[in-house]
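A closer look at the structure
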Amino acid sequence: MKTLLVTGGAGFIGANFVHYWLEKYPEDKVVVLDALTYAGNMANLVSVESNPNYTFVHGNICDQALVESLLVENSIDTLVHFAAESHVDRSITGPDAFIETNIMGTYSLLKAAKKVWLDGDTVFDGHRFHHVSTDEVYGTLSATDPAFTEDTAYAPNSPYSASKAASDHLVRAYHHTYGLNVTTSNCSNNYGPYHFPEKLIPLVITNILHNKDLPIYGDGQQIRDWLYVEDHAYGIDLVLQNGRIGENYNIGGNNEWANIDIVKAISVLVEQEFAKNVELAERFPQARAAIESNTASLITYVTDRPGHDRRYAIDATKTNNELGYQPKESFETGIAKTVAWYLNNEQWWQSVMDGSYQNWIAAQYK
Ligand code: NAD
Ligand code: TYD
């Protein structure tokens with residue numbers, strides 16, 4: 001039985017992880033620590049609200065004293081660290097928050113973990129600090145480069161990926177220098193329920209439903225390796241159960257798509273849903289016009305993201321071989337579930353999208 005502190009548990013992946021964990025391990029206790037930034041939403045955790053083994057704490061990972069007290073008072077043995085600023089575009093226009101949360105926040109958590117688990121009168125051997133990172137720390141690939149392995153040299157290109165790389169290095173250093181029991185997972189792009197509609201896939205689905213342009217940065221030939229979010233939670237689970245201390249594990253789905261192709265595929269899927277269910281045209285009257293003519297005509301090429309990484313691809317051989325990891329969801333099933341989730345959860349995405357975000361993005365990429 002474990003007692004987890006999950007940072008960033010009100011965000012996209014953190015919330016999916018909390019759902020996954022409480023369902024799979026109903027005896028375990030989960031404490032979520034989240035600052036509820038624009039990306040964190042209590043609506044993501046409604047389904048676990050009444051679970052007696054779940055507690056929510058509104059607070060900042062930079063608050064070392066708070067984290068120390070949470071570790072002690074809840075007898076936490078496992079810290080799973082998702083909290084971060086996570087959107088590359090925001091890191092380009094406002095890197096400060098990324099340095100503060102991703103680097104200083106991780107540093108603060110490491111200090112708290114060391115103090116409570118290692119520096120007391122008795123060392124608590126059964127602890128684990130799991131750090132959730134990204135494939136973006138490895139930089140960018142050409143079309144013919146082999147996929148990233150855990151041995152690929154770090155070469156982050158955006159303020160976001162640089163801040164994540166810095167945090168990965170701090171986590172590694174706390175193991176090598178102080179003996180903190182750390183593991184790190186580097187995962188490819190996730191998609192699925194509760195994904196904030198500033199990221200490509202939910203943005204495209206919700207824009208189709210609002211009959212808005214589908215913005216494609218540059219030539220749209222950038223490639224991302226997409227993984228259904230529950231398969232990320234499953235990969236972290238395996239690392240927590242059997243991962244070797246001090247190691248990095250790549251998690252990915254072997255599922256590379258050019259941005260333009262994924263946007264076209266989603267357009268077709270939404271059209272198919274409208275064809276199957278006549279109620280959708282009544283619920284989303286704005287979308288109806290585009291869908292009846294040609295949804296893909298909403299595609300609009302816009303100015304490219306500065307320093308835009310061309311291709312990410314994960315080689316998860318180590319995780320597959322050592323931990324028996326294989327994603328459970330195919331892209332076909334995962335994206336169909338995702339589109340269906342957004343069609344059925346309009347209230348969620350309407351509530352997290354305040355008008356200011358759309359204005360902000362419009363101003364960036366006119
Ligand atoms: P997200 O932006 O949806 O959620 C981040 C959460 O962290 C939010 O709930 C937010 O309120 C919280 N948070 C932010 N700053 C905080 C602070 N200072 N203190 C406490 N809480 C704070 O992000 P996500 O997409 O769920 O990503 C989670 C983690 O996974 C991140 O570390 C990210 O780097 C990593 N990751 C994401 C992806 C992806 O495709 N989204 C892929 C690989 C790795
Ligand atoms: P995003 O979802 O922001 O994830 P990341 O930048 O972490 O990979 O973007 C995925 C890809 O889609 C990336 O190549 C940028 C591109 N993109 C667009 O072309 N248009 C958009 O409106 C957005 C948000 C992203």
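Chains are numbered independently. Their residues run from 1 in the order of the written sequence. By the order in which they are written, chains take letters starting at A while ligands take numbers starting at 1. Only residues with pLDDT of at least 70 get local features here, since the model is predicted, and only at 80 or more are side-chain atom pairs given and counted; chain-wide, interface and lining totals rely on the full set of residues. With hydrogens and water set aside, each side-chain value is computed from the structure's full complement of heavy atoms.

**Side note on the overall build of the protein**
Looking only at helices and strands, the protein has 14 helices and 13 strands in total. What makes two residues a contact is simply this: any of their non-hydrogen atoms within 4.5 Å. Within the protein, residue pairs in contact and separated by at least 24 positions form 83% of the contacts whose partners lie at least 6 positions apart. In this description, accessible areas are obtained by the Shrake-Rupley approach with a 1.4 Å probe, and a residue is regarded as covered only by the protein chains that are shown. A total accessible area of about 15,100 Å² is found for the protein, and carbon and sulfur atoms account for 49% of it. Secondary structure elements are defined from DSSP: runs of H or I of at least 4 residues count as helices, runs of E of at least 2 residues count as strands, and each element is numbered from the N terminus.

**Describing the site of ligand 1**
Distances are taken per atom, and a residue is near a molecule or strand as soon as one of its heavy atoms is within 4 Å of it. Around ligand 1, the surrounding shell holds 28 residues, and the nearest of these are Ile13, Asp34, Ser86, Tyr160 and Lys164. As used in this structure description, the phrase polar contact means that two N or O atoms lie within 3.5 Å; if the pair is within protein, one of them must be able to donate a hydrogen and the other to accept it, and residues adjacent in sequence are counted only when both atoms belong to side chains. In this structure, serine 86 approaches ligand 1 through a side-chain N or O atom, which is 2.6 Å from an oxygen atom. Those elements giving two or more residues to the shell around ligand 1 turn out to be α1 (12–24), β5 (128–134) and α5 (159–178).

**Some thoughts on helix α6 (residues 200–209)**
In terms of burial, α6 is largely enclosed, as 9 of its 10 residues are buried. Between buried and exposed lies partly exposed: a residue is buried under 20% and exposed over 50% of the maximum accessible area for its type, with that area taken using a 1.4 Å probe on protein chains only. Among the residues making up α6, those that are buried are Ile201, Pro202, Leu203, Val204, Ile205, Thr206, Asn207, Ile208 and Leu209. Two residues or fewer past α6, asparagine 211 is found with a positive phi of approximately 55°.

**A closer look at the site of ligand 2**
Near ligand 2, the surroundings consist of 17 residues, among which Glu136, Pro215, Arg224, Arg305 and His308 are the closest. Within the side chain of asparagine 189, one N or O atom sits 2.9 Å away from an oxygen atom of ligand 2. Leucine 200 is positioned with one of its backbone polar atoms (N or O) 2.9 Å from an oxygen atom of ligand 2. In the complex, 97% of the free accessible area of ligand 2, which totals 510 Å², lies under the protein chains. Of all the secondary structure elements, the ones that give two or more residues to the shell around ligand 2 are α6 and β8 (214–217). With 3 residues, the top contributor of residues to the shell around ligand 2 is β8.

**Describing the sheet that holds strand β2 (residues 29–34)**
Pairing within the open sheet is parallel, and its 7 strands lie in the order β3-β2-β1-β4-β5-β6-β11. Each of the sheet's edge strands pairs with one partner strand only, and the pair in question is β3 (54–58) and β11 (248–251). Each strand of the sheet is rotated relative to its neighbour by a mean of 20°, with strand direction disregarded. Relative to β5, strand β4 (residues 78–81) runs parallel, the two being bridged by 4 bridges. Bridging from a neighbouring strand, histidine 81 pairs with histidine 131 of β5. Strands β5 and β6 (182–187) of the sheet are contacted by α5, whose axis makes an angle of about 155° with β5. With axes taken as lines fitted to C-alpha atoms, and helix axes fitted only over the stretch in contact, angles between N-to-C directions fall between 0 and 180 degrees. Taken strand by strand, helix α7 (residues 229–242) contacts β4, β5, β6 and β11, and its axis lies near 145° from that of β5. Strand pairing follows a simple DSSP-based rule, namely that at least 2 bridges must link the two strands.

**Side note on unusual backbone geometry**
What is expected of a backbone is that most residues other than glycine have negative phi and most peptide bonds are trans. Of note, the phi angle at serine 75 is positive, near 50°, even though the residue is not glycine. Within the secondary structure layout, serine 75 lies in the loop between α2 (64–73) and β4. Exposure remark for serine 75: the relative accessible area of 53% places this residue in the exposed category. Unlike most non-glycine residues, tyrosine 194 shows phi in positive territory, near 70°. Tracing the backbone through its elements, the reader meets tyrosine 194 in the loop between β7 (190–191) and α6. For tyrosine 194, a relative accessible area of 15% corresponds to the buried category.

**Focus on the confidence of the model for the protein**
Residues shown with low pLDDT carry predicted positions that ought not to be read at fine detail. Confidence in the prediction of the protein, expressed as mean pLDDT, is 95, and 96% of residues score 70 or more. pLDDT measures the predictor's confidence residue by residue and takes values from 0 up to 100. A low-confidence stretch, residues 355–362 (pLDDT under 50), is modelled with 14 contacts involving residues beyond four sequence positions or located in other chains.

**Details of the side chain of glutamate 85**
Here glutamate 85 is to be found in the loop between β4 and α3 (88–93). Under the convention used here, Asp and Glu are negative, Lys and Arg are positive, and both His and the chain ends fall outside the count. Definition used for salt bridges: Asp or Glu carboxyl oxygen within 4 Å of a side-chain nitrogen of Lys or Arg. No salt bridge forms around the buried glutamate 85; measuring N to O, its nearest opposite-charge neighbour arginine 90 is 6.0 Å away. With sequence-adjacent residues up to four places away left out, glutamate 85 is seen in contact with Thr37, Tyr38, Ala97, Phe98, Thr101, Asn102 and Tyr160.

**Side note on the nonpolar core**
Counting residues in each nonpolar core, the largest one holds 40 residues, and the members touching the most others are Ile201, Leu209, Ile266, Val270, Phe274 and Phe284. When contributions to this core are tallied by element, the ones reaching two or more residues are α6, β8, α8 (259–276), α9 (279–283), α10 (285–293), α12 (331–344) and α13 (346–352). Broken down by element, the residue count for this core peaks at 7 residues, all from α8. Sequence-distant contacts of phenylalanine 274, defined by excluding residues within four places in its chain, comprise Leu209, Leu280, Ala281, Phe284, Ala287, Ile291 and Leu343. As used in this record, nonpolar core signifies buried Ala, Val, Leu, Ile, Met, Phe, Trp, Tyr and Cys residues forming a set joined through side-chain atoms within 4.5 Å.

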